[in-house]
Amino acid sequence: MPDSKLRDISVDFAVNTLKLCETIRGHSSLVNQLERSSTSVGANIHEANYAHGKPDFISKLQIALKECYETEYWLEVFVKSGILGREAAKDIYNQCGAIRRMLISSINTAKGNGNEK
C-alpha cells in the first residue's frame, strides 16, 4: 500500500487526541464522544483506500470530513465549559484543521477527476 500523508497524519491525530482525553477527569460520556469522532477520521480515511469505486471513495472521505467537524465541536464544548484549556486543545485544533483542509482538497480533486472524461 502506498504511503499516504493524510492517513499518517490522521493516525497521529487520533493518538494525540486519545492522549489528551487521558488528561480529562470525569465527563466520560463526553470524552467517549471525542475519542470516537477523532479516531473515526482516520478509520474512514484508511477505509477509503479500499473503496469500491470513486463514489465509495468520495463517500468515505466525506464521512471523515464530517467526523473532523464533530471533533472540533466536542473540543469547543470542552474548552467553553472550562473542562479543557484552549491552550491544551490548540494542537488538536490545528491538526484537525489541517486534516479538514486536506480532506476538502482530496474530495474536490476526486470529484473533479470524475468529470474530466
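Think of each chain on its own: its residues are numbered from 1, step by step along the sequence as written. The predicted nature of this model means local features are confined to residues of pLDDT at least 70 and side-chain atom pairs, given and counted, to a pLDDT of 80 or more, with totals for whole chains, interfaces and linings taken over all residues. With hydrogens and water set aside, each side-chain value is computed from the structure's full complement of heavy atoms.

Caption draft 1: Spatial organisation of the overall build of the protein chain. The helix count covers DSSP runs of H or I at least four residues long, the strand count covers runs of E at least two residues long, and both are numbered beginning at the N terminus. Check the secondary structure of the protein chain and you find four helices and zero strands. Secondary structure elements of the protein chain, listed N to C terminal, follow the sequence α-α-α-α. Considering only C-alpha atoms, the protein chain reaches an extent of 55 × 25 × 20 Å along its principal axes. Two residues form a contact once any of their heavy atoms are found within 4.5 Å. Within the protein chain, contacts between residues at least 6 apart in sequence are counted, and of these 72% link residues at least 24 apart.

Caption draft 2: View of the pattern of salt bridges. In the sections that follow, a salt bridge refers to a side-chain nitrogen of Lys or Arg positioned within 4 Å of a carboxyl oxygen of Asp or Glu. Applying the stated criterion across every chain, the model contains five salt bridges. Of the charged contacts, one joins Asp-56 and Lys-60 as a salt bridge, the two residues approaching to 3.7 Å between their closest N and O atoms. You can see Asp-56 and its partner Lys-60 sitting in helix H3 (residues 54-80), four residues apart, about one turn around the helix. Think of it in three bands: with a 1.4 Å probe and only protein chains considered, a residue is buried below 20% of the maximum accessible area for its type, exposed above 50%, and partly exposed in between. Accessibility expressed as a relative area gives 21% for Asp-56, which makes it partly exposed. The salt bridge involving Arg-86 is made with Glu-76; its shortest N-O contact spans 3.1 Å. Taken together, the positions of Arg-86 in helix H4 (residues 86-113) and Glu-76 in helix H3 put the pair ten residues apart, joining distant regions of the chain.

Caption draft 3: Seen up close, the state of the cysteines. Only a pair of cysteine sulfur atoms within 2.5 Å qualifies as a disulfide here. Within this structure, the stated rule accounts for zero disulfides. Cysteine Cys-68 remains unbridged, with the sulfur of Cys-96 as its closest cysteine sulfur at 4.1 Å. Among the residues examined, Cys-68 registers a relative accessible area of 0% and is labelled buried.

Caption draft 4: Layout of the packing of aromatic side chains. Only the six-membered ring of Trp is used, alongside the rings of Phe and Tyr, when aromatic pairs are assigned; centres must lie within 6.5 Å, and planes under 30 degrees apart are stacked while those over 60 apart are edge-to-face, with the rest tilted. Going through the model one piece at a time under the given rule, you end up with one aromatic pair. When the centroid spacing of 5.0 Å and the interplanar angle of 70 degrees are considered together, the rings of Tyr-73 and Trp-74 count as edge-to-face. What makes Trp-74 buried here is its relative accessible area of 13%.

In short, the description is geometric, and any link to function would need to be established separately.
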